[in-house]
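# Examining the three-dimensional arrangement
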Amino acid sequence: MSLSDQVLAAVRAALPACEGGVSLHEPEFRGQEWAYLKDCLDTGWVSSVGAYVDRIERDLEAITGAAHAVATSNGTAALDICLRLAGVKPGDEVLVPTLTFVATANAVAYQGATPHFVDSEAATLGVDPVRLDTYLHQTARLNGDVCLNTRTGAPIRALMVMHVFGHPCDLDGLAEVAARWKLVLVEDAAEGLGSRWNGRHVGNAGLVSALSFNGNKIVTTGGGGAILTNDAELGRRAKHLTTTARVPHKWSFIHDELGWNYRMPNLNAALGCAQLERLPDMMARKAVLARRYAEAFRDVEGVRLLTPGAGAEVNHWLNALILDRPDMATRDALLEALNAAGFMARPLWTLMHRLPMHADCPRDDLPVAEALEASVINIPSSARLAEA
Ligand SMILES: *Cc1c(COP(=O)(O)O)cnc(C)c1O
């Protein structure tokens with residue numbers, strides 16, 4: 001049997017009752033979604049002020065253990081403000097994995113800063129701390145508390161890391177490198193709700209972090225996101241900047257600095273509160289699905305499933321297959337076969353350094369990310385597939 005046939009057979013074995021029309025990840029509304037949305041309509045609290053917006057922030061603090069959560073209009077907006085709070089200024093550079101969704105790199109550009117792309121490791125798909133440290137020794141020097149790019153002369157202000165498909169990157173190693181090189185650590189935890197690294201929920205290692213509740217994420221608010229931080233002053237500033245920097249007053253419109261209208265509306269928060277109540281159940285069923293895939297792929301040669309390493313607890317947002325030998329033609333043949341049979345499968349994002357608006361940005365050699373681009377495929381991962 002060809003590899004494509006074997007992969008298709010394994011997916012069919014893991015999803016016995018499904019034939020055709022299986023999407024990659026669909027939202028699920030089985031809890032209080034209708035009740036909470038109706039409550040918004042009945043009471044008239046549909047916009048950016050309301051009880052559910054406050055409640056989702058407290059719920060997120062309870063789930064993540066972060067001291068402060070601020071709900072935003074989407075995950076990209078959360079990243080935008082995270083970088084502002086991290087002190088990123090026009091002309092700065094920010095280290096970003098080339099293997100990420102475009103919003104991570106775009107957020108850097110929104111600040112007038114330049115993304116500086118670094119490589120990832122195959123074990124976690126996240127930034128490789130060892131390689132990063134070696135690269136910084138070759139590329140940067142410390143000038144007091146500022147890390148300078150010796151080639152461009154620009155300050156390298158921050159390191160943004162991302163938890164790919166809910167798999168935590170090596171936060172201990174990366175926090176150490178960030179501290180050594182005086183970089184502010186920012187986590188793009190958009191895919192990581194529910195995931196933990198050494199027992200601690202992701203989003204707590206960085207100075208500030210972003211979550212996303214887009215429609216394809218493990219929990220959705222339709223569109224939405226959140227900023228997490230354990231710093232009280234940054235939490236206060238996150239709320240202030242995302243709500244037009246308005247100074248509380250009975251009637252006056254006073255805005256004491258440039259602010260944004262990035263607040264999550266109450267309608268979206270209501271949906272999210274209902275979704276968050278079901279996060280443990282979602283994760284439990286997704287873990288069952290991941291075990292089914294592991295069983296089905298055990299004897300398939302030439303491909304492995306991405307599995308959590310020591311210290312990682314994953315939310316199993318998206319399951320990923322990785323070819324032993326990176327090869328675009330093989331990857332595309334698998335994508336063709338799975339999609340043609342009705343099992344939605346997707347490649348990795350196009351690497352950031354290949355996108356036109358980021359192509360001229362500084363970067364390390366990126367051999368691991370480029371190999372992963374030719375070897376990673378996501379397969380259907382909705383929680384309901386565990387019930388088949
Ligand atoms: C989804 C996602 C975002 C952006 O979130 P939106 O809510 O869609 O703006 C950012 N980064 C990563 C890695 C994501 O997966």
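Above this text you will find the structure in question.
This next bit is on the nonpolar core. Ranked by internal contacts, the top residues of the largest apolar core, which has 64 residues, are L60, L132, L136, L159, F165, L183 and L193. Ranked by residue count, the leading element in this core is helix 9 (residues 266-277), at five residues. Counting only domains with at least three residues in this core, you end up with domain 1 (3-29 + 279-387) and domain 2 (33-277). Not counting residues within four places of it along the chain, the set of residues in contact with L193 comprises L60, I63, T64, H201, L211, F213, I218, V219, L276, L279 and N315.

Let us look at the sheet that holds strand 14 (residues 319-323). Across the sheet, four strands lie side by side as 12-14-16-15; this open sheet has antiparallel pairing. This sheet does not close on itself; its edge strands, each paired only once, are strand 12 (303-305) and strand 15 (346-347).

This brings us to the environment of S252. With respect to the helices and strands, the residue S252 is situated in the loop between helix 8 (232-242) and helix 9. For S252, a relative accessible area of 22% translates into the label partly exposed. Spatially, the C-alpha atom of S252 lies 33 Å from that of L207, the residues being 45 residues apart in sequence.

Following the criterion strictly, the structure yields 26 salt bridges and no others. With a shortest N-O distance of 2.7 Å, R263 and E57 are connected by a salt bridge. A residue pair is termed long-range when its members are at least 10 positions apart, and R263 in the loop between helix 8 and helix 9 and E57 in helix 3 (residues 51-64) qualify at 206 residues. As far as the burial class goes, R263 and E57 line up, both buried. Where R236 meets E233, a salt bridge forms, and the shortest distance between an N and an O atom there is 3.1 Å.

With that settled, the discussion passes to the site of the ligand. Inspection of the region around the ligand gives 14 residues, with G75, T76, E191, S212 and K217 positioned closest. Between the ligand and K217 there is a distance of 3.2 Å, counted from an oxygen atom to a side-chain nitrogen or oxygen. More than half of the atoms belonging to the ligand lie within 2 Å of the grid points that define the largest pocket. Sorting elements by how many residues they give to the shell around the ligand places helix 4 (residues 75-85) first, with three residues. Its residues placed into classes, the shell around the ligand shows five nonpolar, six polar and three charged.

Rules used throughout
Residues numbered from 1 in each chain as written. Predicted model: local features only at pLDDT ≥ 70, side-chain atom pairs only at ≥ 80, totals over all residues. Heavy atoms only, no water. Core = buried A, V, L, I, M, F, W, Y, C linked by side-chain atoms within 4.5 Å. Buried < 20%, exposed > 50% of the residue type's maximum accessible area, 1.4 Å probe, protein only. Helix = DSSP H or I, 4+ residues; strand = E, 2+ residues; numbered from the N terminus. Domains from an automatic or database assignment. Contact = heavy atoms within 4.5 Å. Pairing = 2+ DSSP bridges. Salt bridge = Lys/Arg side-chain N within 4 Å of Asp/Glu carboxyl O. Near = heavy atom within 4 Å. Polar contact = N/O pair within 3.5 Å; in protein donor to acceptor, adjacent residues only side chain to side chain. 1 Å grid on protein atoms, 1.4 Å probe; cavity = no way out; pocket = protein on both sides within 12 Å on 5 of 7 lines; lining within 4 Å. Sits in = over half its atoms within 2 Å of the grid points. Nonpolar A, V, L, I, M, F, W, Y, C, P; charged D, E, K, R; others polar.

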